[in-house]
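# Architecture and fold: a report
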Amino acid sequence: MREIDTRGLSCPQPVLMFHEANKADSASPMDVLVDNEASRENVSRAAKKSGWTVTVKDEGNGISRLELRK
Amino acid sequence: MKHNIFATSVGILLVGAVIGVLAIMLQKMGNPANMGICVACFERDIAGGLGLHRAAVVQYLRPEIMGFVLGSLIAALAFREFRPRGGSSPLTRFVLGMVAAMGALVFLGCPWRAILRLAGGDLNALFGFAGLAVGVFLGTLFFRKGYSLGRSSQQSSVTGALFPLLILGLLALALCFPQAEGQPQSGPLFYSLKGPGSMHAPFVVSIGCGLLIGMLAQRSRFCTMGALRDLFLFKQFHLFLGILGLFVAAFVANALTGGLHVGFEGQPVAHTDNLWNFLGMVTAGLAFALAGGCPGRQLFMAGEGDSDAALFALGMLVGAAMAHNFGTASSGAGLGPYGMHATLIGLVLCLIIGFAHIKRA
């Protein structure tokens, strides 16, 4: 399972990291950790546009795990 | 998943439109023409109001700026998004703020005002907006190469709340020492008797609009720099809808209320030296991009507890003061004596910061 940790990073870096991972492998599942709402929305928006289904799991302390699956 | 209506395409478009209408309303109620809202100009006015520079025509504690921060704070608290954070290259962000303010004051406007100037028919702003786009585009090249100012980390609640507290202090000063009729000073505060600093909507209207915009922008993540950046980086139009809404609403409001005057000459608080209108905004645009937000967005993030964004805003305050103390700010008469120097030095500084923070080969 790929895990992309974007905690502490602000836009556009979380979305760039998603795109990079998506470019390397656009099929196998990945989790993206985000720690702010703007990144959660931006990464979700970008992932859905690339055909992923996104499930958000709240990990507490403001951190969300975005489960990206195809 | 939490649903945030303001973060939808319709939401961001409407937020932009509301900001556009409020900006023109503020102009009608007293703010300078094509300057219903200008974060760089208003921070410059605040610097003057506090006596950090002594340009007599631009001194006023603009309540809109206070409203932006406090409105964002209120929304962030209400929606449990207040997150004290910081520690991502703070001094670099402060310097980027200084450079951004100085570049913007060569053009005479931040991205918000560039759009409002266009919506008022000021064609010089085409050069400013083009410069902004080029500056932001340069920024995206750095991001593509792996540019990063590093991760922020969680901070104490006090650190997160300090900037909003400073803003509350400004608000208290403004309320305790209002302008006395015809007087340039009230207690520790300075007021303009003529020029843009003397032109303002009633305090209550200004702070009310500021609060509303602060809340809406916090929810929608409205960002004028991000609008262009996301377009260049991801071909993503989401934030662009926000500035489109702002432009169209302000344009229509101007057209309906006689505020539309198309041309280059005689535009309010503007000059026609278009090479430097362009280059000033290249510098500012690159600084905004490298710092991750337009000057408005930095204030909204500061209201959410981001002390790095707060430092950028403080850098803009200091940069705006220096722009007048050092003669780098333009005026309606044209460039300041050192405007070109500041633009180019600022651009070089941004490039150095950009190259120095590329994390991978």
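Residues numbered from 1 in each chain as written. Chains lettered and ligands numbered in written order. Predicted model: local features only at pLDDT ≥ 70, side-chain atom pairs only at ≥ 80, totals over all residues.

A few words on the overall build of chain B. When its secondary structure is counted, chain B shows 14 helices and four strands. For chain B, the C-alpha radius of gyration of 19 Å lies close to 21 Å, the compact-globule estimate for 361 residues. Considered along the principal axes of its C-alpha atoms, chain B spans approximately 55 × 45 × 40 Å. Looking at the 361 residues of chain B, the share that counts as buried comes to 62%. For chain B, long-range pairs separated by at least 24 residues make up 82% of all intrachain contacts whose partners lie at least 6 apart in sequence. (Helix = DSSP H or I, 4+ residues; strand = E, 2+ residues; numbered from the N terminus. Rg over C-alpha atoms; globule rule 2.2 N^0.38 Å. Buried ≥ 20, exposed ≤ 12 C-beta atoms within 10 Å, placed from the backbone. Contact = placed C-beta atoms within 7 Å.)

The interface is formed by 18 residues belonging to chain B together with 17 residues belonging to chain A. A breakdown of the residues in the side of chain B that touches chain A according to their chemical character gives five nonpolar, seven polar and six charged. (Nonpolar A, V, L, I, M, F, W, Y, C, P; charged D, E, K, R; others polar.)

Here helix α6 (residues 124-144) of chain B contains 21 residues, and its C-alpha end-to-end distance of 31 Å stays within 8% of the 30 Å for a straight helix at 1.5 Å per residue. Remark: Gly146(B) follows α6(B) within two positions and exhibits a positive phi of approximately 105 degrees. (Expected span 1.5 Å × (residues − 1).)

Take the environment of Phe264(B) next. Residues and elements named next belong to chain B. The topology assignment puts Phe 264 in the loop between α10 (238-257) and α11 (274-291). Among the residues examined, Phe 264 registers 16 C-beta atoms within 10 Å and is labelled partly exposed. Remark: the alpha-carbon pair of Phe 264 and Gly 97, spanning 167 residues in sequence, is separated by 29 Å. Filtering out sequence-adjacent residues up to four positions away, Phe 264 remains in contact with Leu 123, Asn 124 and Thr 272.

With omega at 10 degrees, the peptide bond leading from Cys11(A) into Pro12(A) counts as cis. Phi is positive for Asn61(A), close to 55 degrees, though the residue is something other than glycine. Tracing the backbone shows Asn61(A) in the loop between β3 (53-60) and β4 (63-69). Phi is positive for Lys235(B), close to 55 degrees, though the residue is something other than glycine.

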